[in-house]
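Commentary on secondary and tertiary structure
So the chains spell out like this:
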Amino acid sequence: KSKIVTKSCSDDLAMRIASRLLFLLTEEIPGVSHIFVVENHHSDVLCDNGVIVQIAENIPIRDGWEVVDAQGMFVMPGGIDPHVHLDMPFMGTHSIDDFESGTRCAIAGGTTHVIDFMIPPRTGSLLETYRQWAEKSQGKAYCDYGFHACVTAWNDKVAKELAVLAREHGVTSCKHFLAYKGSLMLAAPEVIASFTLCKQLGILPMVHAEDGEMVAHQQRVIFESGIHGPEGHPLSRPPPMEALAVRMSTSFAELVNCPIYIVHNSCREAALEIRIAQERGVRVIGEVIVAHLMRDRSACSDPDWDLAAAHVLSPPLRAPEDMQALWAALQAGTLTVTGSDHCAFTRAQKRAGKEDFRLIPNGMLGIEERMLAIWERGVNSGRISREEFVNMTSTAAARVFNLYPRKGAVAVGSDADLVVWDPALERVISARTHQSRAEINPLEGTRCLGAPSVTIVGGRLAYHHLRGVLARPDWGRYVPRPAFGSAFSLVPRRDTVIQEERARMAALRA
Ligand code: URP
Ligand code: ZN
Ligand code: ZN
Ligand code: ZN
């Protein structure tokens, strides 16, 4: 029932320049707005019923439509954050932002879709975990969302349930932890077995790449050396542990001939390993999260224990050179997707590790800050173009996770999930104004020039920079995703080539 019209400035469907936004509130459906975006030149985009239905020049504005001036702004597809942990049971507690506050963060930061990790206990059922996640999200999300599965043990039941998740519930990506020994970590044969099944089912395998055995060893070494504070966290998991795990998991993917998605790459060595695998022909999709782009490990040595602990996440914050290397890898296209890994905890929760850094719940926030920070440090600094910004905050994730072109595009047939980005709007990140329930914002005081003026969810005005959050927590819908996304396109052909190569080798011998 709602309408959006935008006039665009370029043929690129990913980004449009608007001059006015017009809204019409319908009488029939309270809270549902007709939205009309007009722009300087070229075509308009008309949306109806939460979907973009027409892109044409000069679509006439009807009476009664409310006008919002968007002169000089960019209308982009809403951000997609493919890496969040909302209300997640972890390290003896639950992450403090749930679907309600977490998706509130999302729309206030221009993000209109999040994908959350369902993490079953080692002995738990994936389907039971899916039911729990469905319950915690139902009616509590301000924007659309989906789930990734996580394999935390390997057996027949897990294999059967993965198939049901993919076929019946549209859960078509699945994370494997090479870290967190004693809780979430898998052994190499389990990872290979799971990748093999993922390939058959068209599920995109994902990996948290840190070598859990080495981490456990080094944590003991650092703790026993007398370092017990948050600064011990980065010291106990240096870059080679991550690089090794990236090398391992990309090698597994090569072995199985399946695509692979590596989450939260944090250092130069990890990016290099991804590059090496890509050059060997492995379909590796590399993600980087806002924490590693914005903060270095010195934050973990802050004299304020609570502030230092707020910067404890895994993989840990790295050296300033690593931050530069991650930006360079984004520029070069080695890493293509950005997430937040939003996993917030309160001061009190973090204090569980007051005497021992190994017990500090791992995680940093970032859903609301992701697009602001990447625009500020990426676009404003001249590192990445606006079009690349759209790709790395929305379109790339939509393609990788098989949401495109329903999400991640301003195109006919796409969902009317949009952000009107004002490059002249300044926002200073602060715990005083953020939507998260965490008391500390590790990016406190960061000045961002360029921010969402308006966020539109399903054709409705969800957030306005002056009026705040206008959406209701039942606007978000669960979005199932079909199996065999674009990352699988080369798999069958390559399987054939591999078979032929083997046959040739065998024939030589005969
Ligand atoms: O420290 C982090 N990243 N916490 C969330 C869980 C994970 O490893 O992604
Ligand atoms: Zn133009
Ligand atoms: Zn992780
Ligand atoms: Zn994570």
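Not measured: the values here are computed from a predicted model.

A word on the nonpolar core
Ranked by internal contacts, the top residues of the largest apolar core, which has 142 residues, are Cys143, Leu326 and Ala462. Excluding its chain neighbours within four sequence positions, the residues that come into contact with Ala462 are Ile107, Tyr142, Cys143, Thr455, Ile456, Val457, Leu470, Ala471 and Trp475.

Here's the deal with the pairing of strand E18 (residues 460–464)
Taken across its five residues, E18 has four buried, putting it largely inside the fold. The pairing of strand E17 (residues 447–457) with E18 spans four bridges and is antiparallel. Residue Val457 lies in a different strand from E18, and its bridge partner there is Arg460. Joining the antiparallel neighbours E17 and E18 is a turn of two residues, in which Gly458 adopts a positive phi near 55°. Across two bridges, the pairing between E18 and strand E19 (residues 468–469) is antiparallel. Across the sheet, His464 pairs through a bridge with Gly468, a residue of E19. Between E18 and E19, which pair antiparallel in sequence order, lie three residues.

What about the confidence of the model for the chain?
Close reading of the predicted structure is inappropriate where its pLDDT is low. On average, the chain scores 90 in pLDDT, and the residues at 70 or more come to 89%. Here residues 1–42 is a poorly scored stretch, pLDDT under 50, and it has 159 contacts once near neighbours within four places are set aside; other chains count. Both scores are available for the predicted complex, with the pTM at 0.92 and the ipTM at 0.92.

A few points about the UniProt feature "domain: Amidohydrolase-related" (unreviewed entry) in the chain
According to UniProt, the feature "domain: Amidohydrolase-related" (unreviewed entry) maps to residues 74–461 in the numbering used here. The distance separating the terminal C-alpha atoms of residues 74–461 is 16 Å; by composition the span is 39% helix and 20% strand.

Comments concerning the environment of Ser137
Within the fold, Ser137 resides in helix H2 (residues 126–137). Along the chain, Ser137 and Asp98 lie 39 residues apart, while their C-alpha atoms are 8.2 Å from each other. Apart from the residues within four sequence positions on either side, Ser137 is in contact with Phe99, Tyr145 and Tyr478.

The rules behind each value
- Residues numbered from 1 in each chain as written.
- Chains lettered and ligands numbered in written order.
- Predicted model: local features only at pLDDT ≥ 70, side-chain atom pairs only at ≥ 80, totals over all residues.
- Core = buried A, V, L, I, M, F, W, Y, C linked by C-beta atoms within 7 Å.
- Buried ≥ 20, exposed ≤ 12 C-beta atoms within 10 Å, placed from the backbone.
- Contact = placed C-beta atoms within 7 Å.
- Helix = DSSP H or I, 4+ residues; strand = E, 2+ residues; numbered from the N terminus.
- Pairing = 2+ DSSP bridges.
- pLDDT = per-residue confidence, 0-100.
- UniProt positions renumbered as here; feature names shortened; annotations may be inferred.

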